[in-house]
Amino acid sequence: MTKIQHNLYISFFVITGIIALVSILYFGFDYYSTPIEERFFNSAHTELKPNGIIGHGLGIIGSLMMLLGVATYMIRKRIKKFTRIGVLKHWLEFHIFLCSVGPMLVLFHTAFKFGGIVAISFWSMVAVVASGVIGRFIYIQIPRTIQGSELSLTEIKQENQAYTNKLRSDYKLSESIISEVENIVNIEHIKEINFKQLIPFYFKELFNNRKKLGNLKSNLSAGNVNHENINSILKISRKKILLARRISMLRIMQKLFKYWHVAHLPFAIVMLVIMLVHVGVAIAFGYTWIF
Ligand code: HEM
Ligand code: HEM
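Cut-offs and rules
- Within every chain, residues take consecutive numbers counted from 1 along the sequence as written.
- Lettering of chains starts at A and numbering of ligands starts at 1, both following the order in which they are written.
- Only residues with pLDDT of 70 or above have their local features reported here, since the model is predicted, and side-chain atom pairs are shown and tallied only from 80 upward, although totals for entire chains, interfaces and linings are computed over all residues.
- Strands here mean DSSP runs of E at least two residues long; helices mean DSSP runs of H or I at least four residues long; both are numbered from the N terminus.
- Radius of gyration here is computed from C-alpha atoms only, and the compact-globule reference equals 2.2 Å multiplied by the residue count raised to the power 0.38.
- To sort residues by burial, count the other C-beta atoms lying within 10 Å of each one's C-beta; a count of 20 or more means buried, 12 or fewer means exposed, and anything in between means partly exposed. C-beta atoms are built from the backbone.
- Placing the C-beta atom from the backbone, one calls a residue near a molecule or strand if that atom lies within 6 Å of it.
- Here the nonpolar group is Ala, Val, Leu, Ile, Met, Phe, Trp, Tyr, Cys and Pro; Asp, Glu, Lys and Arg are the charged ones; every other residue, Gly included, is treated as polar.
- Lines fitted to C-alpha atoms define the axes here, with helix axes fitted over just the stretch in contact, and angles between the N-to-C directions of these axes take values from 0 to 180 degrees.
- By the definition adopted for this analysis, an angle is roughly parallel if under 35 degrees, roughly antiparallel if over 145, roughly perpendicular if from 65 to 115, and oblique otherwise.
- We call two residues in contact whenever the C-beta atoms placed from their backbones are within 7 Å.
- By definition, a nonpolar core groups buried Ala, Val, Leu, Ile, Met, Phe, Trp, Tyr and Cys residues that are joined through C-beta atoms within 7 Å.
- Given the number of residues in a helix, its expected span is that number minus one, multiplied by 1.5 Å.
- Working definition for bend: take the seven residues up to and ending at a residue and the seven starting at it, fit an axis to each, and measure the angle between the axes.
- Whether a crossing is left-handed or right-handed is set by the direction in which the near helix is turned from the far one by less than a right angle, anticlockwise for left-handed and clockwise for right-handed.
- An automatic or database domain assignment supplies the residue ranges for each domain.

How should the overall build of the chain be read in this particular structure?
For the chain, the helix and strand inventory stands at nine helices and zero strands. Sequence-ordered secondary structure for the chain, helices as α and strands as β, is α-α-α-α-α-α-α-α-α. What you see for the chain is a C-alpha radius of gyration of 25 Å, clearly larger than the 19 Å of a compact globule of 291 residues, by over 25%. With the C-alpha coordinates of the chain rotated into their principal frame, the extents come out at 75 × 40 × 40 Å. Residues counted as buried form 17% of the 291 residues belonging to the chain.

Where do I start with the site of ligand 1 in this structure?
Near ligand 1, the surroundings consist of 24 residues, among which Pro50, Gly59, Thr110, Gly115 and Tyr287 are the closest. Taken together, the elements giving at least two residues each to the shell around ligand 1 come down to helix 3 (53–78), helix 4 (88–110), helix 5 (118–141) and helix 9 (227–284). Considering only residue class, the shell around ligand 1 consists of 13 nonpolar, 10 polar and one charged.

Whenever I open this one, the packing of helix 1 (residues 3–32) against helix 4 confuses me. Can you help?
Describing two packed helices takes the angle between their axes plus the distance from one axis to the other. Two elements in contact, helix 1 and helix 4, have axes whose closest approach is 10 Å; the angle formed by their N-to-C orientations is 5°. Put simply, helix 1 runs roughly parallel to helix 4. Counting all contacts with helix 1, which are made through Tyr9, Ile10, Phe13, Thr16, Gly17, Ala20, Leu21, Ile24 and Gly28, the residues of helix 4 involved are His90, Glu93, Phe97, Ser100, Val101, Met104, Leu105 and Phe108. When grouped by side-chain class, the residues that make up the contact of helix 1 with helix 4 number 11 nonpolar, five polar and one charged.

Quick question: what am I supposed to make of the nonpolar core here?
Within soluble globular proteins, side chains that are nonpolar generally end up buried alongside one another. Within the largest apolar cluster, 22 residues are counted, with the highest numbers of intra-cluster contacts made by Leu105, Met125 and Met271. Those elements giving two or more residues to this core turn out to be helix 3, helix 4, helix 5 and helix 9. Sort the elements by how many residues they give to this core and helix 4 lands first, with seven residues. With residues near it in sequence (within four places) discarded, methionine 271 still touches Ser121, Ser124, Met125 and Val128.

When you look at the site of ligand 2 in this model, what are you seeing that I'm missing?
Taken together, the neighbourhood of ligand 2 is formed by 23 residues, with Cys99, Gly132, Gly135, Arg136 and Ala268 sitting nearest. Mapped onto the shell around ligand 2, the elements with two or more residues apiece are helix 3, helix 4, helix 5 and helix 9. The greatest single-element share of the shell around ligand 2, amounting to eight residues, is contributed by helix 5. Of the residues belonging to the shell around ligand 2, the class tally is 15 nonpolar, six polar and two charged.

When you look at helix 9 in this model, what are you seeing that I'm missing?
Because each turn of an α-helix spans 3.6 residues, side chains separated by three or four positions end up pointing in the same direction. End to end, helix 9 covers just 70 Å across 58 residues, shorter than the expected 86 Å (1.5 Å per residue, more than 12% under). By the largest-angle criterion, leucine 250 marks the main kink of helix 9, which is about 60°. Here helix 9 has its buried residues at Ile233, Ser237, Lys240, Ile241, Ala244, Met249, Leu250, Met253, Ala268, Met271, Ile274 and Met275. Among the structural elements, helix 3, helix 5, helix 6 (153–171), helix 7 (175–184) and helix 8 (198–222) are those in contact with the buried residues of helix 9. Count one or two residues on from helix 9 and you reach glycine 286, which has phi positive near 90°.

What is the right way to read helix 5 from this model?
Taking 1.5 Å per residue as the helical rise, helix 5 with its 24 residues ought to reach 34 Å, and the 35 Å between its terminal C-alpha atoms agrees with that figure. The set of residues buried in helix 5 consists of Ser121, Phe122, Ser124, Met125, Val128, Val129 and Gly132. Where the residues of helix 5 are buried, they touch helix 4 and helix 9.

Before we go on, may I ask you to explain the packing of helix 3 against helix 4 in this structure?
Where helix 3 contacts helix 4, the two axes come as close as 7 Å, and the packing angle between them is 160°. Classed by the angle they form, the pair helix 3 and helix 4 counts as roughly antiparallel. The handedness of the crossing between helix 3 and helix 4 is left-handed. Classifying every residue of the contact of helix 3 with helix 4 by side-chain character gives 18 nonpolar, nine polar and two charged.

Looking at this model, I keep getting lost on the domain arrangement of the chain. Mind explaining?
Accessible area lost on assembly of the parts is the figure often given for the size of an interface. The domain architecture assigned to the chain consists of domain 1 (3–150 + 256–284) and domain 2 (153–252). Computed over C-alpha atoms, the centres of domain 1 and domain 2 are 38 Å apart. The partner domain 2 presents six residues to the four residues of domain 1 that form the contact.

Here it is, written out as structure tokens:
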């Protein structure tokens, strides 16, 4: 997938999610904002209640989206036969799309009434979505190949070296500028941080690096490097800084990501099991939607 194709792929997901949300709110805002006791008298009640034609449909479509989002990602990631189909990172993006829009549809299916044992499924769904957002943040802190597998420390250092080589070969920079960039990210002297240091480190780095990049920009301008090249050099320097920051946090992020799986997966299982019971009960009570 080229960069443009990837942007279109992500835009499609974002636009679909927004259209779904806006359409539901357009047709249902009045209903969903009516107090539960008065909804019976609302003209949209027949369609939008959890067993109404639209409300029930939202539950079914949302649940199917989540099932598809989980199944495709798990199959692609865990079954060897499928490891060659597409790039894992793109399958994760597909997972995130289906497993964000799906829960949103289920939320409207419940019509904001969270009663009965199925409420456990609902709150597990909320927990899995919230943990997903945290997991996604941790996931992107761990440097990966395009395929999505984790890079080793040696490979990260090689990537950093490749950026330095690019600076040398493409921009004909003086050794003093090169060493200034290298000093911003002295990769050989990076200290690994522990869990307690994580949050202060993250913010301190953001602040310090912005300052160092500002200095580098002034030095490049003073060294008569042209404007276009300055932007490209700063872009590469930013990538080097990001790599250095990720090296410092690598062990802790790998550990956090391992613990994180322990939370994300069980919530997903609880949600799915109770959802199946809920669907079984609904069918037993004769709620078969359009079938
Ligand atoms: C994770 C997915 C789902 C969650 C969290 C969920 C949650 C809920 C909630 C909270 C209610 C309202 C309960 C109340 O009135 O107090 C409800 C009602 C209902 N749901 Fe679901 N639902 C899900 C999926 C489904 C699916 C896939 C179906 C259809 C096969 C379905 C069919 C129904 C029906 C028919 C009702 C109305 C039941 C009645 O009025 O007695 N739900 N659901
Ligand atoms: C109802 C919603 C969701 C369900 C049921 C769900 C379920 C799952 C499952 C079963 C896995 C595989 C875990 C494993 O390989 O051990 C997974 C992985 C993952 N999910 Fe979700 N998820 C949901 C929503 C989300 C959301 C909203 C995000 C991000 C915003 C997200 C981000 C991730 C990430 C980053 C991984 C890990 C990928 C990896 O380790 O390869 N998930 N999810």
